[in-house]
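# Architecture at a glance
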Amino acid sequence: MCTECTVWAWRRRLAAVLVCSAVCARGEVGLCLADGIPEESRAFIHNDLGENKSINFLACSWPSSYLLNEMAVMMVQEGLGYHARVDPRVGASGASPIYALGGCANFDSPTDKRCGENETEFHVAVDAWIGSYAGLYAEFRKDYPSIAPIDLGSMGYAGEESMFLSREVLLAAHEEGLNLDFHKSYNTTHHNPKKYFDSVADINVWELSPCNATDFINPLRMGNYAKYSGDAAGVQELPDNTTIAICPDGYWWLAPACRHNISECIPVITAGIGWKLQAMMQWTTAYGIPAAITISGDWTHFVKHVRTVRSLFYWWVPDSTFIEMQPSEIVFPRHSANAWARGDKTTGAAGVYISKMASTNLESKAGRVQEFVANMEFELPEVQDMLLEYQTLGSDEIRRVACNWMKNNEERWRSWVPAETDTNCLSGFGLVDAQGAFLDSRTGATGCGLCPAGRASEEVRDLIGKTYRCSRCPRGYFQASTYATQCEPCPKGTTSDSYGSVECQRCQQGFYQEAPAQSGCKLCPASRSTMLLGAASLAQCVCRAGLIEEDGLCLPCPEGLWCPLGSTIPRLRSVQGADDSLPHVLRGFHSETAAPLALYKCQDDFCPGGSPGTCSGGRQGITCGHCPVGQYWMSDQCETCGAVMYAWIGAVLVICTAIFSSYYLLTSMYTAKASALGCTTASLGMMLSTFQTLGVLYLVQVDWPQGLREVLEFCAIFTMNLDNLGFICVVEGDAYGYLALCSFFLIVTLALPTVGAVTRRVNALKRRGLEWDPYKTLSTTGQFLQVSFTTLANVGLRPFMCYNHPTGEHSVLKYTEVVCGEGDHVVMAVFGSLVLLLLTVFFTACCYLAKVAPKLSGKPQLLTLRFLIFRFRADVWWFGLVFLARGPLLSLPAVIATDMPALTLTLMLCILLASLGAQMWFLPWKSPILNLMDAVTIMLLVLLLAISLGLARTTLDLDILQQCATVVSSCMLGSLAFLILLSLGALIHRRALGGQDEFWLLNLGLLPDPAEIYDHLGEVAENMKSLSPAQKQELLGNIAKLSVYDLDIVMRSVDILADDLALEMTELRSFGSRISTQQRSIRSEAGGWNLVARLSRLSRRMSMASRPSRMPTSFSPEADADGKEAKEVNEVNEVNEVNEVSEVNEVREVGATEGLCLPSEPTESAAL
């Protein structure tokens, strides 16, 4: 039994058996060649101790390595006459020769290799895959320069690792005209390659490695896969921001082409922890291969799976494991070194450099052997043929295979044997002088030297015979290796502009070279550049960034499209997601697949960007503007309508019922004092108005942040934005939905007075007292229009809110699928105009009624105005017009500047500021708390608009905003200049401020005559003195019904009389603090009314003469025409209210109790 054999790892077992068998049997094998040098005539080499040693060859753990090393040993033995052998110790990997020939005792140890302790026991290794370990080789030469092995050059072929298929499958497909050794043949669009392969179910999962134990969970490789493939659905991002692959069953990863159905997947098998796993994943994704990738549990199962299951599989050549299957490599696009270097493995794999290596001491011990090994070269097909022969004959016949090749190629391998004369240099060497300088002829030559990188061994013939010289590579050529016999032409895409180049320089970006062996690169045409260095053809000159290629032309990239370097229409159509390295549609834009350059703007939530034709949640249309028929938008996706239609029918019935029932709720009379019920209804109206304003704001084209977007989307419901409520289920199509909205408002507006007229003509209703009062009917109609005025204005203006698309077309902002000026838009514009006409008529009527309102005091006709005046103080009864005007004014900027959101927001901001100014100036609400909350609400809206300006896109409207800023600053300076001029004019004319002769502009009106004021005060004093006790009690009741602001004015008037006019009063208590003009001391505020007093002082800085007329409040909405019943009702109400006020001692305390909106007040509770 062979005592030198040991048990190796699974991948080394075959080579170990070969080594052991050959070592045991070598002594029994005779010479291969008839004239071969016999063993007794062979020479030994000597180690540093002078001991005889054989030249030791290192074989690694694959059959080709042992076969070629065995062949080299036989040629060294019988051709050169040296004792040589293949050491029974087997290298575990392509890195083993680096450490073994470098003298490392434990050359395969992962930690302690023990390098440099003793002289190396290995001298030669052929078929060394050091190309896969170039970094380790460079590091070893740096750490151990004196013992690092020498690279003797290429074996003549490169190792190849890729995806293969068996010849059986290849021929079966070829008979039907399908070439499965080409990657495009697997695209399921045109072919069904799966029928030539077995299924995933044919492999037992218990023979596989689980995904969580392989490179499927390698964060670097899976992260690169996700980054460069764009296949987000094939991977999972973990909480620590690392990426792993998704294996649905824990064993198989499915490519996108068959991810929907695993039965349509072609099995793809690899081994280890995932050899070439990332590359195979990217290949299957990039080229549409319907594949399911798995990893065999061990080498035995891998071999079994490949041999028994018709599949695609990982393999490398040269190798004999599956050689009887005659596998064919699948051809992928040419390898891109730059792409693979950054982790993108979409292109084909590169060939692996396979070399011959020698220890550093071999040249001194057996230089001819080193030269011989350096001259050895094989071709990959002949190596594969020898491996096939070996596989056929069996593992014991490896020497027979080597011997057959030596006999059949004797002339070839004997040419590798170096000559023994000093100047008869062999190929790979050149003539040198005594100093080692290279020479071109034998003159002065003393020997031969190894040709270094940058030179090539060139044959020279003279009278003595043939020899070689080391010539420098010309321009356009290079040589990176030693022992080279010729300079290599610089490949396409590279150049060399100097002699003796070791490597070629790649063409810079923007340049290309389609021919080899060139010394310069060519410039790409205008508007084109190259994506990477080293472009090898004019076709690689692609469109520059910002351009996209269509039909061979570089066209400007339209708005809404991302066009990086190299953008083309096919790449745009095939992009997956939004990868900045590829052309894609930007978020907020959409284009159809058939016309990818026709970009349309749409909402960001609906248009995620990426490839053309992509909409969110199943939406459709040129702007992703609607769901398919029978579906509506809900929770970020299109949902089936189902019972939504019936819910809407019920909702419309309820709304209509509520509108017509509101007639019976509008029964309260107008009073100067705010009631709890009045405060409640006013608060609800204020809240509704705020929601409507926010709903108008939602239509502005701004990237609203999450949270705020949801709030605005909810508020948009109050402006009839009903998409999320399934309104489309009731009326199909945007145009029909809009017509339904307009018709609803128009019909209800006409229906209310119509119903009132009908009730007055039906005797049965009249007998039961159910007929509608005409004035109250008009008030109910006005109330409906007043509540919905902002919504109506927004709805009516919608057809005129048209925004631009990059194509030059325009769409309606709310109904993006409706193109302005075409088809449905014309009908929508007509109905919108009718709504706007209704608003215009209504607003005009309100203006007229507000003008004549004071004349209608105490008359039944005043009930018609209840909806307009009941919320406001008697002296600013007309302020409802301001509220009405604010609604359409807020919607109007979206019509004027639809494509300019920053300008739209600026105009809306100006409107709200004007509204805020009017509100703060007039304080129109009856209750101070309502005035405060209205001011705060408007200020918060102003702040929200100011913040929104930072979110708006200002590309288009920046110039207009700059012009607006200029106009505003000019107006501000003009206002200041006017004030200064006015003040200087007053000084010049010596008009004292506060006097009767002041400019009317300074007081914003004319001051009343002091004598007239004196006469009125006298009349009041006389009337007060003449009051009887009953009349006094009646007056106290009337004072109790005054509003907070009227009580404030009365008390401040009393303060002025007592303070500035120095009238004598007893037990006078000051209502507030003020400074006397008669050298009196400053009085402090005495209790209560703090909030009311502050608001009042703010509003009373103008003269009493500048106050507008006020409307009398002593009327009842139910009074008859002659006014008698109204007077009686007023008297009863006054007596009742006076009785409800317990022991009213002072007017100010009554006002404090009754003026605030407190639900705890007895009278208000009773009213509620």
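Scroll up to find the structure.
Bear in mind that the values here come from a model prediction, so they are computed numbers and not experimental data.

All right, on to the pairing of strand β11 (residues 291–295) then. Of all 5 residues in β11, 5 are buried; the element is thus mostly enclosed. Residues Ala291, Ile293 and Ile295 point to one face of β11 and Ala292 and Thr294 to the other, with burial holding for every one of them. One ladder, built from 2 bridges, connects strand β9 (residues 253–254) with β11; its direction is antiparallel. Considered in β11, the bridge of Trp253 is made with Ile293. Taken together, the 5 bridges between strand β10 (residues 266–270) and β11 define a ladder with parallel strand orientation. What sits directly across from Ile266, in β11, is Ala291. Remark: the β10/helix α7 (residues 277–286)/β11 crossover connection has right-handed handedness.

A word on the pattern of salt bridges. Note on pairing: side chains with opposite charge can pair once their charged atoms come close. All told, the structure shown has 24 salt bridges when counted by the stated rule. The shortest N-O distance in the salt bridge between Glu70 and Arg399 comes to 2.8 Å. Separated by 329 residues along the polypeptide, Glu70 in helix α2 (residues 63–80) and Arg399 in helix α12 (residues 398–408) bring together distant segments of the chain. Here Glu70 matches Arg399 in class, with each residue buried. The residue Asp231 makes a salt bridge to Arg259 at a minimum N-O spacing of 2.7 Å. Of this pair, Asp231 sits in the loop between α6 (219–229) and β7 (235–237) while Arg259 sits in the loop between β9 and β10, and the two are 28 residues apart along the sequence. Salt bridges here are not isolated pairs; linked through shared partners, they connect Arg85, Asp87, Arg89 and Glu121.

Applying the stated criterion to the full structure yields 42 aromatic pairs. Ring geometry for Trp275 versus Trp299: centroids 6.4 Å apart, planes at 50 degrees, classification tilted. With Trp275 in the loop between β10 and α7 and Trp299 in helix α8 (residues 299–308), this residue pair connects regions lying 24 residues apart in the sequence. With a centroid separation of 4.2 Å and an interplanar angle of 20 degrees, the aromatic rings of Trp283 and Phe332 are classed as stacked. Of the two residues, Trp283 sits in helix α7 while Phe332 sits in the loop between β13 (328–329) and α9 (337–341), which places them 49 residues apart along the sequence. Using a relative accessible area of 0% as the deciding quantity, one classes Trp283 as buried. Between Lys113 and the ring centre of Tyr99, over which it is positioned, the NZ or CZ distance is 4.4 Å. The ring of Phe883 carries the charged tip of Arg871 above its face, separated from the ring centre by 5.9 Å.

One can find His183 in the loop between α5 (167–174) and α6. At a separation of 2.9 Å, a polar atom in the side chain of His183 contacts the main-chain carbonyl oxygen of Val331. Not counting chain neighbours up to four residues away, the residues in contact with His183 comprise Tyr287, Ile330, Val331, Phe332 and Pro333.

Right, let's talk about unusual backbone geometry for a bit. The linkage connecting Val317 with the following residue, Pro318, adopts the cis geometry, with an omega of 5 degrees. Relative to the helices and strands, Pro318 is located in the loop between β12 (312–317) and β13. Phi is positive for Lys276, close to 55 degrees, though the residue is something other than glycine. The class of Lys276 is partly exposed, set by a relative accessible area of 22%. The backbone of Cys624 shows a phi angle near 50 degrees, a positive value even though the residue is not glycine. Along the chain, Cys624 falls in the loop between β32 (595–601) and β33 (631–634). Given a relative accessible area of 0%, Cys624 falls into the buried group.

Scanning the entire structure with this criterion turns up 17 disulfides. With its sulfur 1.9 Å from that of its partner, Cys258 forms a disulfide with Cys265. Because the torsion about its S-S bond is 105 degrees, the bridge between Cys258 and Cys265 counts as right-handed. When sorted by exposure, Cys258 lands in the same class as Cys265, which is buried.

Here the focus is the nonpolar core. Generally speaking, a soluble globular protein has its nonpolar side chains buried in company with each other. Grouped together as the largest cluster of nonpolar side chains are 120 residues, with contacts concentrated most on Ile55, Leu180, Phe216, Phe372 and Phe378. Here this core gets 10 residues from one element, more than from any other, and that element is α2. When neighbours within four sequence positions are excluded, Phe372 is seen to be in contact with Met75, Val76, Leu80, Trp413, Trp416, Val417 and Pro418. In this structure, Cys742, Val812, Ala850 and Leu884 belong to the second largest nonpolar core, which totals 47 residues.

Looking now at the packing of helix α21 (residues 789–797) against helix α24 (residues 880–896). Where α21 meets α24, the axes come as close as 8 Å, and the angle between the chain directions of the two elements is 25 degrees. Between α21 and α24, the angle is such that the two are roughly parallel. In terms of crossing hand, the pair formed by α21 and α24 is right-handed. Residue-level inspection shows Phe789, Thr790, Ala793, Asn794 and Leu797 of α21 in contact with α24, the latter providing Leu884, Gly887, Pro888, Ser891, Leu892 and Val895. When the residues that make up the contact of α21 with α24 are grouped by side-chain class, the tally is 7 nonpolar, 4 polar and no charged.

A word on the pairing of strand β14 (residues 352–358). The element β14 is extensively covered by neighbouring structure, given that 6 of its 7 residues are classed as buried. Here strand β5 (residues 124–128) pairs with β14 via 3 bridges, running antiparallel. Across the sheet, the residue bridging to Val124 is Ala358, located in β14. In the sheet, strand β6 (residues 150–165) pairs with β14 via 5 bridges, with the strands oriented antiparallel. Opposite Ser154, over in β14, you have Ser355 as the bridge partner.

The end-to-end C-alpha separation of helix α29 (residues 1029–1040) is 17 Å, in line with the 16 Å expected for 12 residues at 1.5 Å each. Regarding α29, the residues found buried are Gly1037, Ile1039 and Ala1040. Seen end-on, α29 carries its buried residues on one side only, within an arc spanning 160 degrees.

This brings us to the environment of Glu329. Relative to the helices and strands, Glu329 is located in strand β13. For Glu329 and Phe164, which are 165 residues apart along the polypeptide, the C-alpha to C-alpha distance reads 4.4 Å.

Moving on, we get to the packing of α21 against helix α22 (residues 824–852). One can describe the packing of α21 onto α22 by two numbers: an axis separation of 7 Å at closest approach and a directional angle of 145 degrees. Considering how the two elements wind past one another, α21 and α22 form a crossing that is left-handed. On α22, the residues that touch Phe789, Leu792, Ala793, Gly796 and Leu797 of α21 are Gly832, Val835, Leu836, Leu839, Phe842 and Phe843. Classifying every residue of the contact of α21 with α22 by side-chain character gives 9 nonpolar, 2 polar and no charged.

Conventions we followed
- Residues numbered from 1 in each chain as written.
- Predicted model: local features only at pLDDT ≥ 70, side-chain atom pairs only at ≥ 80, totals over all residues.
- Heavy atoms only, no water.
- Buried < 20%, exposed > 50% of the residue type's maximum accessible area, 1.4 Å probe, protein only.
- Helix = DSSP H or I, 4+ residues; strand = E, 2+ residues; numbered from the N terminus.
- Pairing = 2+ DSSP bridges.
- Right-handed = clockwise from strand over helix to strand, strands pointing away.
- Salt bridge = Lys/Arg side-chain N within 4 Å of Asp/Glu carboxyl O.
- Phe/Tyr/Trp six-rings, centres within 6.5 Å; stacked < 30°, edge-to-face > 60°.
- Lys NZ or Arg CZ within 6 Å of the ring centre and 35° of its normal.
- Polar contact = N/O pair within 3.5 Å; in protein donor to acceptor, adjacent residues only side chain to side chain.
- Contact = heavy atoms within 4.5 Å.
- Disulfide = S-S within 2.5 Å.
- Core = buried A, V, L, I, M, F, W, Y, C linked by side-chain atoms within 4.5 Å.
- Axes fitted to C-alpha atoms, helices over the stretch in contact; angles between N-to-C directions.
- Parallel < 35°, antiparallel > 145°, perpendicular 65-115°, else oblique.
- Left-handed = near helix turned anticlockwise from the far one by under 90°.
- Nonpolar A, V, L, I, M, F, W, Y, C, P; charged D, E, K, R; others polar.
- Expected span 1.5 Å × (residues − 1).
- Arc of directions from axis to C-beta.

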